[in-house]
Amino acid sequence: MGKLKGSKITKGISQYSFILVFFVIFIIYVITSNGLTWSGMMNVLRHSAVIGVIGIGMGLVCLTGAIDLSVGSMLALVSGFSVMVFNATGNILVTLLFAILFGAVLGLLNGVLVGVAKMPSFIVTLATMLIFRSLAQYVCQRVPKDLIGGGSSVYRMDSSIDAYSSFYSFGNGTLATIPIVGILLIVFTALFVFVANNTKYGKKIYAVGSNEKAAHMAGINVSMIQTSVFVLTGILVGMAAFLWIGMNASSDPATTGNSYEMYAIAAVVLGGISMAGGKGRVIGILFGAMSYTVIDKIIVALKMDSLINDTIKGTILIIVILIQVAGPQIKAFINSRRLAHVNKAGSTKE
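Keep in mind the model is a prediction, meaning the values are calculated, not measured.

A look at the packing of aromatic side chains
Geometrically, a pair of aromatic rings is defined through the distance of the ring centres and the angle of the planes. Taken as a whole and assessed by the stated rule, the structure comprises 14 aromatic pairs. Taking 5.4 Å as the distance between ring centres and 5° as the angle between the ring planes, the aromatic pair formed by Phe 81 and Phe 102 counts as stacked. One end of the pair, Phe 81, is in helix H4 (residues 71-89); the other, Phe 102, is in helix H5 (residues 92-116), and 21 residues separate them in sequence. Ring centres 6.1 Å apart and planes at 80° place the aromatic pair Trp 244 and Tyr 260 in the edge-to-face group. Of this pair, Trp 244 sits in helix H11 (residues 222-248) while Tyr 260 sits in helix H12 (residues 260-270), and the two are 16 residues apart along the sequence. Taking relative accessible area as the criterion, Tyr 260 reaches 17% and is therefore assigned buried. Chaining the aromatic ring pairs together yields one cluster made of Phe 18, Phe 22, Phe 23, Phe 26, Tyr 29 and Phe 287.

Printed below as a string of C-alpha cells:
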C-alpha cells in the first residue's frame, strides 16, 4: 500500500514537474531581486503574455511531433501589417480580425506544406521564417509613410487616431491590478487545456504525435490534424501580434519576434511537453513561459552583461532537453537493474 501511494506521488510530481521548476526559478528571482512585490509578480505575467500565447501554438505543433520555426518572423509580419490596417481604418476590431485571419493564412501555408505535401516541418518553417521576415522589412520600406505612422523603417501606430489611446490603454491596462494581456494569456491557456484534454480533436493531436501510422490505421485524418495545428498556431500568433502592438504601439520588422521561435520552444520544453510528440500538458506552457520570463529578470537583477543573456537561456534549454531525453533512459536502466536483481534473488531461492 505504501509503495503504491509512493508511486502515485512520484508519478504526480513527474507529470507536474513544470510547477516545481517554476517555483524554484521564482524563488531564485525573489532572492536576487531583494524581495517580492505584487507588481513584480504581475510584471512577470504581463511580459509572459506574447510568448505564452505563441507558446500554446508551438506546444500543439510539438505534440504532433513537428516544429514551427517561423513564429517569430510571423509575429513581425502580422504585427507590422496590422499596424498598417489600424492606421488605415482607425478601427481596433478590424485590426484584431485582420491579425487573426492573416495569421491563420500564414499558418495554413505552413500546414499545407507539412500536412498535405508531407514536407519536413523543420525545412518548411525555416524557409517561411526567412520569407516572412523579409516581406515585413521589404513592405515597410515601400508603402506610403502615412500607413506606417510616418516612420522610415518601423511600423508605428498613428497617435492622432481617436482609437489610439484606447488601444494602447488596452495593451498596458490592468483589471483589478492584473494586466489585461496576462488575463488573456490565462484565458487562452484554459481554453486550449480544455481542447487538448476534453475533446476528440485534442485526443487526435496526442494520437498523431504518439504514433502517426497507428493514428492513420485508427481512422484519424492525420493530414488534417497536422495542417490544423499550424493554422491554430497562426491564429495564436495573430492574437499575439495584436497584443504586441497594443503594448508597444509599434513593430520593428528587423527586431520584433527575433529568437521568439526559440523562446516559444523553450516555454514548451520547460512546460514538460516532449519534442518527440504525444506527451505533455498544455497547462505546462503557461508555467514554461513565465519561467523563461523570470530567468530573463534574474539575469537583469544580477546585472549580467546583456550580451550573455541568450547564452544562459540556450544553456538552460539544452539542460532541460537533456533531462527530457536522459530521464526515461535512466529510469528504464534502473528498472531493468531492479528486475535483474529480483530474478537473481528468485533463482537463488530455488
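Next comes the rest of the account.
Some remarks on the packing of helix H7 (residues 164-172) against H11
Between H7 and H11, the least distance of the axes is 7 Å, while the angle of their chain directions is 105°. Considered as vectors, H7 and H11 are oriented roughly perpendicular to each other. Residue-level inspection shows Phe 167, Tyr 168, Phe 170, Gly 171 and Asn 172 of H7 in contact with H11, the latter providing Phe 242, Leu 243, Ile 245, Gly 246, Met 247 and Asn 248. For the contact of H7 with H11, the residue count by class is seven nonpolar, four polar and no charged.

Some remarks on a nonpolar patch on the surface
Taken together, the side chains of Leu 20, Val 24 and Ile 28 present a nonpolar region at the surface, about 260 Å² in accessible area. Note that Val 24 resides in helix H2 (residues 17-32).

Some details on unusual backbone geometry
Phi at Lys 118 takes a positive value of approximately 60°, unusual for a residue other than glycine. Tracing the backbone shows Lys 118 in the loop between H5 and helix H6 (121-142). We note that Ser 259 has phi near 70°; this positive angle belongs to a residue other than glycine.

Looking at the nonpolar core
Judged by nonpolar contacts, the single largest core of 97 residues is most densely connected at Val 50, Ile 54, Met 58, Leu 75, Tyr 155, Tyr 260 and Val 294. The contact partners of Val 50, leaving out residues within four places of it in the chain, are Leu 75, Ala 240, Leu 243, Trp 244, Met 247 and Tyr 260.

Quick word on helix H8 (residues 180-198)
An ideal rise of 1.5 Å per residue puts 27 Å on 19 residues; H8 measures up with 27 Å between its terminal C-alpha atoms. Residues Val 181, Gly 182, Leu 185, Phe 188, Thr 189, Phe 192, Val 193 and Ala 196 constitute the buried set of H8. Axial view of H8: buried residues confined to an arc of 140°, hence all on one face. Taken together, the buried residues of H8 touch helix H3 (38-63), H7, strand E3 (178-179), helix H9 (200-210), H11 and helix H13 (283-301).

Here's the deal with the layout of surface pockets
Roughly 420 Å³ of internal volume is contained in the second largest pocket. Lining the second largest pocket are 15 residues; nearest its centre among them are His 47, Ile 51, Tyr 260, Thr 293 and Asp 296. For the lining of the second largest pocket, the secondary-structure elements that each account for two or more residues are H3, H11, H12 and H13.

Focus: H6
Between its first and last C-alpha atoms H6 spans 31 Å; for 22 residues at 1.5 Å apiece the expected length is 32 Å, and the two agree. Buried within H6 are the following residues: Ser 121, Val 124, Thr 125, Thr 128, Met 129, Phe 132, Arg 133, Ala 136, Val 139 and Cys 140. Each buried residue of H6 sits inside an arc of 155° when the element is viewed along its axis, so together they form one side. Residues of H6 that are exposed and point more than 90 degrees away from the buried face comprise Leu 130 and Arg 142. If you follow the buried residues of H6, they end up packed against H4, H5, strand E1 (155-156), H11 and H12.

Section: the side chain of Thr 293
Within the secondary structure layout, Thr 293 lies in helix H13. Polar side-chain contacts of Thr 293 include one of 3.0 Å to the backbone oxygen of Ala 289.

Some points on the side chain of Ser 251
For Ser 251, the position within the fold is in strand E4 (residues 250-251). A relative accessible area of 0% places Ser 251 in the buried class. Side chain to side chain, Ser 251 and Ser 79 meet in a polar contact 2.7 Å long. Once residues lying within four places of it in the same chain are set aside, the contact partners of Ser 251 are Ala 76, Ser 79, Gly 80, Val 154, Tyr 155, Trp 244 and Thr 256.

About the cut-offs
Residues numbered from 1 in each chain as written. Predicted model: local features only at pLDDT ≥ 70, side-chain atom pairs only at ≥ 80, totals over all residues. Heavy atoms only, no water. Phe/Tyr/Trp six-rings, centres within 6.5 Å; stacked < 30°, edge-to-face > 60°. Helix = DSSP H or I, 4+ residues; strand = E, 2+ residues; numbered from the N terminus. Buried < 20%, exposed > 50% of the residue type's maximum accessible area, 1.4 Å probe, protein only. Axes fitted to C-alpha atoms, helices over the stretch in contact; angles between N-to-C directions. Parallel < 35°, antiparallel > 145°, perpendicular 65-115°, else oblique. Contact = heavy atoms within 4.5 Å. Nonpolar A, V, L, I, M, F, W, Y, C, P; charged D, E, K, R; others polar. Patch = residues over 30% accessible without salt bridge, like charges linked within 9 Å, V, L, I, M, F, W, Y side chains within 5 Å. Areas by Shrake-Rupley, 256 points an atom, 1.4 Å probe, with all protein chains shown as cover. Salt bridge = Lys/Arg side-chain N within 4 Å of Asp/Glu carboxyl O. Core = buried A, V, L, I, M, F, W, Y, C linked by side-chain atoms within 4.5 Å. Expected span 1.5 Å × (residues − 1). Arc of directions from axis to C-beta. 1 Å grid on protein atoms, 1.4 Å probe; cavity = no way out; pocket = protein on both sides within 12 Å on 5 of 7 lines; lining within 4 Å. Points joined across faces, edges and corners; volume = space filled by probe spheres on them. Polar contact = N/O pair within 3.5 Å; in protein donor to acceptor, adjacent residues only side chain to side chain.

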